[in-house]
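What follows is the residue order along each chain.
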Amino acid sequence: MLVDVMADSVLDTLELVPFLFVTYLAMEALEHSTEGRVQGLVARAGHAGPVVGALLGAVPQCGFSAMAATLFSGGVVTAGTLVAVILSTSDEMVPVFLAHHEPVGRLLLIMLLKVVVGVVVGLLLDAALHAVRHVGGPRPHIHDLCERARCHCGGGDGEEGAPPERGEGAGGMVAHGHRRHGHGRWAVVRSAAVHTVQVTGFILLVTFLFGLLIEVMGGNALAQLLGSHPVRATFLAALVGLIPNCGVSVAITELYLDGVLGAGPMVAGLFASGGVGLLVLFRTNDDMRQNAVVTALVYAVGVVAGLIVSASGILF
């Protein structure tokens, strides 16, 4: 049984590799050509930060939620902008959907829902924080963040609040364990290949484990177990989504496409799955209470959105 399940998993996964590589190649090229402008656009957005952040967060590129978390920690963007980015971040959902040849309309509807909810929640959060005279986030400058990390990324004159240099420090995230990819044509190809190998490994692991589970339990029994407890599945999927690893969004998307997860739990998990954004937030922001509140809010939004989708019978 193990050999048969592994063989089927390998064959099913290998079919996705060319499509994953092409998708990541396009994503890497997009990221390398726009990353500096994206950071500046978010930093200058002001009160419209949640709108800009949610729209840009939906664009499939690596590390945007990490950048938003770092800018928030430096007092450059608001809490609403950070939450909007995390909620709208598509992470690995896009390449997995495209690799499975799913209708683009389904993918766009999910992304649109994530953007709309991200904008609404982000704007409401900023308005609430402004109303209690705590204007959208922590007050340290980006200079203070760089001083704590000893990355020497401030302006040449040492002026407080000077913007970080492109490629390191708060914006480049080099100092916080999220190293930016190199530049050049081969760097793009290499990064795309690395991402393809990583995600292929996650897909193979998920496919094998759940193929094995289906063999042991039976497909009907597993579907009935998750389908008969959609509320429990929604809470659990959102909790799993908080794990800062791209394999989480891969697993959630794969289980949804395989019919194991319903639309509600899938939505809950993908809302909470914001890449490594929360991990970088806890690394760069000293205020653990703020970090806990942001995490709890992301989780709550994911659960509520998933429950609404399940109750309304929305299908993607």
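Keep in mind it's a predicted model, so treat the numbers as computed, not measured.

1. Details of the packing of helix 12 (residues 230-241) against helix 16 (residues 288-312)
Packed helices, taken two at a time, are described by their axes: the angle between them and the distance between them. Where helix 12 meets helix 16, the axes come as close as 9 Å, and the angle between the chain directions of the two elements is 145°. Of the two possible hands of crossing, helix 12 and helix 16 adopt the one that is right-handed. Contacts between helix 12 and helix 16 involve Val231, Thr234, Phe235, Ala238 and Leu239 from the former and Tyr299, Val303, Gly306, Leu307 and Ser310 from the latter. Class assignment for the residues of the contact of helix 12 with helix 16 results in seven nonpolar, three polar and no charged.

2. Remarks on the packing of helix 14 (residues 263-272) against helix 16
Packing of helix 14 against helix 16 leaves a shortest axis separation of 7 Å and a crossing angle of 160°. By the angle between their axes, helix 14 is roughly antiparallel relative to helix 16. For the pair helix 14 and helix 16, the crossing hand works out as right-handed. Within the contact between the two elements, helix 14 uses Ala263, Gly264, Pro265, Val267, Ala268, Phe271 and Ala272 and helix 16 uses Val298, Gly302, Val303, Ala305, Gly306, Val309 and Ser310. Of the residues contributing to the contact of helix 14 with helix 16, the split by class is ten nonpolar, four polar and no charged.

3. A short note on the packing of aromatic side chains
Using the criterion set out here, one finds zero aromatic pairs in the structure. The lysine or arginine in question, Lys114, covers the ring of Phe271, its NZ or CZ lying 5.2 Å from the ring centre.

4. Observations concerning a nonpolar patch on the surface
Taken together, Leu109, Leu112, Val116, Val120 and Leu124 make up a surface patch of nonpolar side chains, about 460 Å² in accessible area. Relative to the assigned elements, Leu109 resides in helix 7 (residues 104-131). The partly exposed category is assigned to Leu109, whose relative accessible area is 46%.

5. A word on the environment of Ala268
Tracing the sequence through the fold places Ala268 in helix 14. Separated by 29 residues in sequence, Ala268 and Leu239 place their C-alpha atoms 8.7 Å apart. Ignoring sequence-local partners within four residues, the contact set of Ala268 consists of Thr234, Ala238, Gly302, Val303 and Gly306.

6. What about unusual backbone geometry?
The phi torsion at His101 lies on the positive side, around 60°, for a residue other than glycine. Positionally, His101 belongs in the loop between helix 6 (93-99) and helix 7. What makes His101 exposed here is its relative accessible area of 55%.

7. Concerning the nonpolar core
Taken as a class, soluble globular proteins show a tendency for nonpolar side chains to be buried jointly. Formed by 63 residues in total, the largest nonpolar core has its most connected members in Leu82, Met93, Met266, Val294 and Phe316. No other element matches helix 7, which puts nine residues into this core. Excluding its chain neighbours within four sequence positions, the residues that come into contact with Phe316 are Arg106, Leu109, Ile110, Leu113, Tyr256, Ala263, Met266, Val267 and Val309.

8. Looking at the confidence of the model for the chain
Scored by pLDDT, the chain has a mean of 76; 71% of the residues are at 70 or more. Looking across the chain, the model is least confident in helix 9 (residues 169-172), with a mean pLDDT of 40, and most confident in helix 16, with 95. Counted against residues more than four places away or in other chains, residues 148-181, with its pLDDT under 50, gives 77 contacts.

9. Structural notes on a negative patch on the surface
Taken together, the side chains of Asp4, Asp8, Asp12, Glu15, Glu215 and Asp258 present a region of like negative charge at the surface. Per-element accounting of the negative patch gives the leading share, three residues, to helix 1 (residues 2-14). Within the element layout of this structure, Asp8 appears in helix 1. Overall, Asp8 belongs to the partly exposed group, its relative accessible area being 46%.

Rules and cut-offs
- Residues numbered from 1 in each chain as written.
- Predicted model: local features only at pLDDT ≥ 70, side-chain atom pairs only at ≥ 80, totals over all residues.
- Heavy atoms only, no water.
- Axes fitted to C-alpha atoms, helices over the stretch in contact; angles between N-to-C directions.
- Helix = DSSP H or I, 4+ residues; strand = E, 2+ residues; numbered from the N terminus.
- Left-handed = near helix turned anticlockwise from the far one by under 90°.
- Contact = heavy atoms within 4.5 Å.
- Nonpolar A, V, L, I, M, F, W, Y, C, P; charged D, E, K, R; others polar.
- Parallel < 35°, antiparallel > 145°, perpendicular 65-115°, else oblique.
- Phe/Tyr/Trp six-rings, centres within 6.5 Å; stacked < 30°, edge-to-face > 60°.
- Lys NZ or Arg CZ within 6 Å of the ring centre and 35° of its normal.
- Patch = residues over 30% accessible without salt bridge, like charges linked within 9 Å, V, L, I, M, F, W, Y side chains within 5 Å.
- Areas by Shrake-Rupley, 256 points an atom, 1.4 Å probe, with all protein chains shown as cover.
- Salt bridge = Lys/Arg side-chain N within 4 Å of Asp/Glu carboxyl O.
- Buried < 20%, exposed > 50% of the residue type's maximum accessible area, 1.4 Å probe, protein only.
- Core = buried A, V, L, I, M, F, W, Y, C linked by side-chain atoms within 4.5 Å.
- pLDDT = per-residue confidence, 0-100.
- Lys, Arg positive; Asp, Glu negative; His and termini not counted.
- Charge placed at Lys NZ, Arg CZ, Asp CG, Glu CD.

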